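Chain by chain, the residues run as shown.
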Amino acid sequence: MKLSNLILISLYLFCVACQTESTDESKRDARPNILFIMTDDHSYQTLSAYDTTYIRTPNLDRIAKDGILFHNSFVTNSICGPSRAVMITGKFSHKNGFPHNSSRFDGSQPTMPKYLREAGYKTALIGKWHLKSKPTGFDYSDVLIGQGNYYNPVFINNENDTVLNDGYVTNIITDKAINWLDGQSSDQPFCLLLHHKATHRIWKPDTSLLHTMEGIKFEVPETYFDNYENRLAAQSQKMSIIEDMDLVYDLKMLDAEGDLQTKYRKSYENMINRLNPEQRAVWDEYYNPIIEKFKAANLSGKELALWKYQRYMEDYLKCVRSVDDNVGRILDYLEEKGLADNTLIVYTSDQGFYMGEHGWFDKRFMYEESMRTPLLMKFPKNINTVKEVSEMVQNIDYAPTFLDLAGLPVPGDMQGESLLPLVQGKEENLRDALYYHYYEYPNEHMVKRHYGIRTDQYKLIHFYEDIDSWELYDLNSDPQEMKNLYGQADMADITEDLKAQLNELQIKYEDTDRSTY
Ligand code: SGN
Ligand code: CA
């Protein structure tokens, strides 16, 4: 063959190859992936991008370092199921029909995963769900049943298969997420909801981490011995470390002699019976000497109160450690697979949690520790974002943000706002005030129903139903919310103004009929 012909043929083949490549390229859906990681009850106080007092979380901090740290991130209703329903619908509890943990989610309603799926996203949910009805809007789901277990948990998948998985829940959920990601094709963007059980009560650490944190002394918060003066609802709660935290159940003091006959001893026994012999041996080897020492010390009063705090923090923080390690695994995976640059990575918790502030564990109240939640986001590389956001954002905003990022319109009935303009520095002011409404009463922990408004400076709360009690805080002068200013003459104008704003928010969000739930 002549050289000129050979060149011509080569040129032709090259062009065909280019065409094939450009056709393949045009078939590729380059829309960003979404990885939405959420934990359960992880406090911002124990995430070192926010606060280094208790623990370092280098992997979670990576998301903040390479992405955005939200300084003022809040929920609308500080309790698990309701928060999850808010996040997937972009609507307040009174609109999505899931006001408290005894509710059942109406899976026929529109949700963020459904919108994404209809628009061609591959959607998956792995881990905690807790909305009772079967998950809808997901191509794949593999969820814990109810609250799930820390050890050897049972999962139910979208085919209705229930499978017991050996091991520790935070590792297992991460393994499942990585497996699912491994099976995805690069032609279709994904939205994966990776929702951990940790760091929920009763804070069972991974056996491999039991011996960490030894010798660390955790100082109790300044408000640990709060007497709840002028705060009626706080006086009747049942979430006090000193009063309500169970020595056996929460703090693992299951003595062989049976001297510690606490209210929830039996529940703890049932729970640790899930551990297999190897896990149980490591567990007992760690806790037995602590139990012996505790009994010998015969603590009471303030000493016991301080001991309980220390014990609580140790187990809680070990659960945080597992979360951080496993978030590191997922981040590494995305990097190794070249997915990191085109994926929105979100880290949050379903609400905040008390690390002994006001003497408490748990959440529910509209006070700062439980209304706030950590929020870190790392956007795809082609989106230039600010490094920190101080505007108040709320969990109703996640669904609109994800849809906006995927290039989809935000449905008019979603009540949150897309955070995209804010994170790109195109908009500075998202809202002047936040609305909050909590419903789960009477129930465990006995936190009264309440609603309220939070501005940058003030918080006004109304506890209602079998109580009619208002609280007002100046967050600038009293960030720990110890001084209820409601009813003080010099606060009359501010109170009136806040009540008017609260009323406007209730009209705006259509939450004027409190008899609905
Ligand atoms: C369980 C816990 C409570 C916790 C609720 C709600 N008790 O009932 O302490 O407040 O869940 O938590 S436990 O004995 O079962 O641990 S939520 O995060 O799921 O809303
Ligand atoms: Ca929770």
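Since the structure is predicted, the reported quantities are computational estimates derived from the model, not experimental observations.

1. A look at the coordination of the calcium ion (ligand 2)
Reasoning step 1: Looking at the metal site, the calcium ion (ligand 2) is ligated by Asp 40 (OD), Asp 41 (OD), Asp 350 (OD), Asp 350 (OD) and Gln 351 (OE1), spaced 2.1 to 2.8 Å from it.
Reasoning step 2: Seen from the calcium ion (ligand 2), its 6 donor atoms lie at angles of 51 to 171°, and the figure they make is irregular.
Reasoning step 3: Counting gaps between the donor residues of the calcium ion (ligand 2) yields the pattern D-D-x308-D-Q.
Reasoning step 4: Since its relative accessible area comes to 0%, Asp 41 is described here as buried.

2. Quick look at the site of ligand 1
Reasoning step 1: Ligand 1 sits among 18 residues. The nearest are Tyr 249, Asp 362, Arg 364, Glu 444 and His 445.
Reasoning step 2: Here His 445 contributes a side-chain N or O atom positioned 2.7 Å from an oxygen atom of ligand 1.
Reasoning step 3: Considered on its own, ligand 1 offers 460 Å² of accessible surface; in the complex 86% of this is hidden by protein.
Reasoning step 4: The residue makeup of the shell around ligand 1, split by class, is 3 nonpolar, 6 polar and 9 charged.

3. A closer look at the pairing of strand S15 (residues 458-463)
Reasoning step 1: Among the 6 residues in S15, 6 count as buried, and that is most of the element.
Reasoning step 2: Here strand S14 (residues 450-455) folds back onto S15 in antiparallel fashion, the turn holding 2 residues.
Reasoning step 3: Direction of pairing for S15 relative to strand S16 (residues 469-474): antiparallel, over a ladder of 6 bridges. Across the sheet, the residue bridging to Lys 459 is Tyr 473, located in S16.
Reasoning step 4: Between S15 and S16, which follow one another and run antiparallel, lie 5 residues, and Glu 465 among them has a positive phi close to 85°.

4. So, the domain arrangement of the protein
Reasoning step 1: The domain architecture assigned to the protein consists of domain 1 (39-204 + 313-430), domain 2 (218-310) and domain 3 (438-508).
Reasoning step 2: On a C-alpha basis, the centres of domain 1 and domain 2 stand 29 Å from each other.
Reasoning step 3: Across the interface of domain 1 and domain 2, roughly 2,700 Å² is buried in total on both sides, 56% from carbon and sulfur atoms.
Reasoning step 4: Linking domain 1 to domain 2 there are 2 salt bridges.
Reasoning step 5: For Asp 250, the salt bridge identified is with Arg 201, shortest N-O distance 2.6 Å.
Reasoning step 6: The element best represented in the side of domain 1 that touches domain 2 is helix H11 (residues 301-336), accounting for 5 residues.
Reasoning step 7: Residues that form the side of domain 1 that touches domain 2 fall into these classes: 15 nonpolar, 6 polar and 8 charged.

5. Looking at the sheet that holds strand S2 (residues 68-70)
Reasoning step 1: On the basis of which strands lie adjacent, the open sheet formed by 10 strands has the order S7-S6-S5-S4-S8-S1-S9-S10-S2-S11 and mixed pairing. A strand with exactly one partner marks an edge of an open sheet, and here the two such strands are strand S7 (162-164) and strand S11 (388-389).
Reasoning step 2: Here strand S9 (residues 343-349) runs beside strand S10 (residues 375-378); their pairing, made up of 4 bridges, is antiparallel. The residue bridging Thr 348 from the neighbouring strand is Leu 375, located in S10.

6. Side note on the packing of helix H6 (residues 169-182) against H11
Reasoning step 1: It is at 9 Å that the axes of H6 and H11 come closest, and there the two elements cross at 10°. Here H11 runs roughly parallel to H6, going by the angle between their axes. Counted together, Thr 170, Asn 171, Thr 174, Asp 175, Ala 177, Ile 178, Leu 181 and Asp 182 of H6 and Ser 322, Val 323, Asn 326, Arg 329, Ile 330, Tyr 333 and Leu 334 of H11 form the full contact between these two elements.
Reasoning step 2: Residue classes in the contact of H6 with H11 are distributed as 7 nonpolar, 5 polar and 3 charged.

7. Regarding the nonpolar core
Reasoning step 1: Within the largest apolar cluster, 72 residues are counted, with the highest numbers of intra-cluster contacts made by Leu 192, Tyr 309, Tyr 312, Ile 330 and Tyr 347.
Reasoning step 2: Ranked by the residues each element gives to this core, the list is headed by H11, at 15 residues.
Reasoning step 3: Residue-level mapping places this core at the junction of two domains, with at least three residues from each of domain 1 (39-204 + 313-430) and domain 2 (218-310).
Reasoning step 4: Leu 192 has contacts with Ile 34, Leu 35, Phe 36, Ala 124, Ile 126, Ala 177, Trp 180 and Leu 181, leaving out every residue within four places of it along the chain.

8. A look at the packing of aromatic side chains
Reasoning step 1: A full pass over the atoms with the stated rule returns 33 aromatic pairs.
Reasoning step 2: Residues Tyr 228 and Trp 360 carry aromatic rings whose centres are separated by 5.6 Å and whose planes lie at 15° to one another, so their mutual orientation is stacked. On the criterion of sequence distance, the pair formed by Tyr 228 in the loop between strand S8 (190-195) and helix H7 (232-235) and Trp 360 in the loop between S9 and helix H12 (368-371) is long-range, its members being 132 residues apart. A single burial state applies to Tyr 228 and to Trp 360, both of which are buried.
Reasoning step 3: These aromatic residues form a ring-pair network of at least three members: Tyr 228, Tyr 354, Trp 360, Phe 365, Tyr 367, Phe 463 and Tyr 473.
Reasoning step 4: Directly above the aromatic system of Tyr 44 lies the positively charged group of Arg 372, at a separation of 5.9 Å from the ring centroid.
Reasoning step 5: The aromatic ring of Trp 470 is capped on one face by Lys 499, whose charged end is 4.2 Å from the ring centroid.

Analysis parameters
Residues numbered from 1 in each chain as written. Chains lettered and ligands numbered in written order. Predicted model: local features only at pLDDT ≥ 70, side-chain atom pairs only at ≥ 80, totals over all residues. Heavy atoms only, no water. Donors = N, O, S within 2.8 Å, 3.2 Å for Na, K, Ca; no water. Tetrahedral: all angles 85-135°; square planar, octahedral: opposite > 155°, others 65-115°. Buried < 20%, exposed > 50% of the residue type's maximum accessible area, 1.4 Å probe, protein only. Near = heavy atom within 4 Å. Polar contact = N/O pair within 3.5 Å; in protein donor to acceptor, adjacent residues only side chain to side chain. Areas by Shrake-Rupley, 256 points an atom, 1.4 Å probe, with all protein chains shown as cover. Nonpolar A, V, L, I, M, F, W, Y, C, P; charged D, E, K, R; others polar. Helix = DSSP H or I, 4+ residues; strand = E, 2+ residues; numbered from the N terminus. Pairing = 2+ DSSP bridges. Domains from an automatic or database assignment. Buried area = accessible area lost by both parts, 1.4 Å probe. Salt bridge = Lys/Arg side-chain N within 4 Å of Asp/Glu carboxyl O. Axes fitted to C-alpha atoms, helices over the stretch in contact; angles between N-to-C directions. Parallel < 35°, antiparallel > 145°, perpendicular 65-115°, else oblique. Contact = heavy atoms within 4.5 Å. Core = buried A, V, L, I, M, F, W, Y, C linked by side-chain atoms within 4.5 Å. Phe/Tyr/Trp six-rings, centres within 6.5 Å; stacked < 30°, edge-to-face > 60°. Lys NZ or Arg CZ within 6 Å of the ring centre and 35° of its normal.

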